[in-house]
Protein chains: 2
Amino acid sequence: MYTRKIKENLDCGILVAAKVFGGKWKLCVLDAINRGFVRPADICRYIDEASPRVIEMQLAELLFFGVIEKCAEDVYPKKTEYKLTALGESILPLLTQMDKWGTAHSEFIKERQRELEESQSV
Amino acid sequence: MYTRKIKENLDCGILVAAKVFGGKWKLCVLDAINRGFVRPADICRYIDEASPRVIEMQLAELLFFGVIEKCAEDVYPKKTEYKLTALGESILPLLTQMDKWGTAHSEFIKERQRELEESQSV
DNA sequence: ACAATACCCGAAAAAAGATTCGGTAGGGAT
DNA sequence: ATCCCTACCGAATCTTTTTTCGGGTATTGT
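This is a predicted model, so every value here is computed, not measured.

(A) Focus on the relation of the copies chain A and chain B. Superposing chain A onto chain B takes a rotation of 180 degrees combined with a translation of 0.0 Å along the rotation axis, leaving an RMSD of 0.1 Å. Overall, the copies show the geometry of a two-fold rotation axis. Nearest to the rotation axis, the C-alpha of Leu94 of chain A is located 3.5 Å from it, this being the minimum over chain A. By residue overlap, the copies meet face to face through one surface: 100% of the interface positions of chain A are interface positions in chain B.

Put into structure tokens, the structure is as follows:
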């Protein structure tokens, strides 16, 4: 298991929040679950840009921090389902706001990004 | 100059937002500027956990994406000041909400983190 | 029995991100 | 002249994160 070399600082709220949902795909996973894609294979299909492995890992972390919970663990056939806990639900407003912000400024940011890429390729 | 190897996807709002303020210190820098630490040296002293270099780099990125702007560029002695643009201001509510969330759940998350560290050190 | 699917996990490799180091350049004070 | 401060930047290095690859177990449909 990987252990950090640099000590983490969780002294301010922003850093705590970043710790919990700061991974590349964590918010996407929460979004997927929120939209009803609750089984691992469904989430993977929904977020097909990410590798299944990374989604598993992010699910594991979200589970560890109590943001989601796992159901039907010992039922066969395995029909694992994840759902948001109260803590997870409390993130939704933030998720929504971030999504709104990003969508609202999407064109502007994309345009800047294009410029950057062009200047690099020359 | 560094160019990414994996193509970026900015198709959903969350990914756009993550792109703009997803760095390790970006939100901290915005917070610092918002609190009145507007000169590079001041920001560095305020966020003394981060190296000055990384703060410069994050400032450059925030500048590039139009989240902050730079004043007094050609005045000597150099008294560079950064301030939030309208776009930057529009992030503040999110910043506040994230900080609130993190602060509210700080103890719980820290406790989980402690457990994780203990289990690793055994 | 066989193939396909779901779920989960370890470990190496690749990529991205952060940090350190050293340097430039100008201003101000002693 | 020397020293310290501010601002900035390139490049090597180190750390962290993500990805890829391969494996394992169990179930379902044919």
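(B) Expanded view of the interface of chain A and chain B. Contact residues are listed per partner, giving 44 residues for chain A and 44 residues for chain B. When chain A packs against chain B, the two sides together hide about 4100 Å² of surface, and 73% of this comes from carbon and sulfur. Contact with chain B buries area across many residues of chain A, yet Ile14, Phe64 and Trp101 of chain A alone supply 18% of it, more than any other trio. Applying the counting rule to chain A against chain B returns 0 salt bridges. Summed over the shared surface of chain A and chain B, the result is 14 residue pairs in polar contact (both at pLDDT 80 or more). At the level of secondary structure, the elements contributing two or more residues to the side of chain A that touches chain B comprise α1 (13-21), α2 (26-34) and α6 (92-121) of chain A. Ranked by the residues each element gives to the side of chain A that touches chain B, the list is headed by α6 of chain A, at 18 residues. Of the residues that constitute the side of chain A that touches chain B, the class distribution is 25 nonpolar, 11 polar and 8 charged.

(C) Representation of the protein's contact with DNA strand D in the model. In the vicinity of DNA strand D there are 24 residues, among which Tyr2, Ile6 and Lys24 of chain A together with Arg53 and Lys70 of chain B approach most closely. When the atoms of DNA strand D within 4 Å of the protein are sorted by group, sugar and phosphate make up 71%. At 2.6 Å, a backbone N or O of Lys24 of chain A approaches a phosphate oxygen of DNA strand D. At 2.8 Å, a backbone N or O of Ala41 of chain B approaches a phosphate oxygen of DNA strand D. Sorting the residues of the surface near DNA strand D by element identifies α4 (52-64) of chain A together with α3 (40-46) and α4 (52-64) of chain B as the ones contributing at least two each. Considering each element in turn, the surface near DNA strand D owes the most residues, 4 residues, to α4 of chain A. A per-class count over the surface near DNA strand D returns 10 nonpolar, 4 polar and 10 charged.

The rules we used
Residues numbered from 1 in each chain as written. Chains lettered and ligands numbered in written order. Predicted model: local features only at pLDDT ≥ 70, side-chain atom pairs only at ≥ 80, totals over all residues. Heavy atoms only, no water. Least-squares fit on C-alpha atoms with pLDDT ≥ 70 in both. Contact = heavy atoms within 4.5 Å. Buried area = accessible area lost by both parts, 1.4 Å probe. Salt bridge = Lys/Arg side-chain N within 4 Å of Asp/Glu carboxyl O. Polar contact = N/O pair within 3.5 Å; in protein donor to acceptor, adjacent residues only side chain to side chain. Helix = DSSP H or I, 4+ residues; strand = E, 2+ residues; numbered from the N terminus. Nonpolar A, V, L, I, M, F, W, Y, C, P; charged D, E, K, R; others polar. Near = heavy atom within 4 Å.

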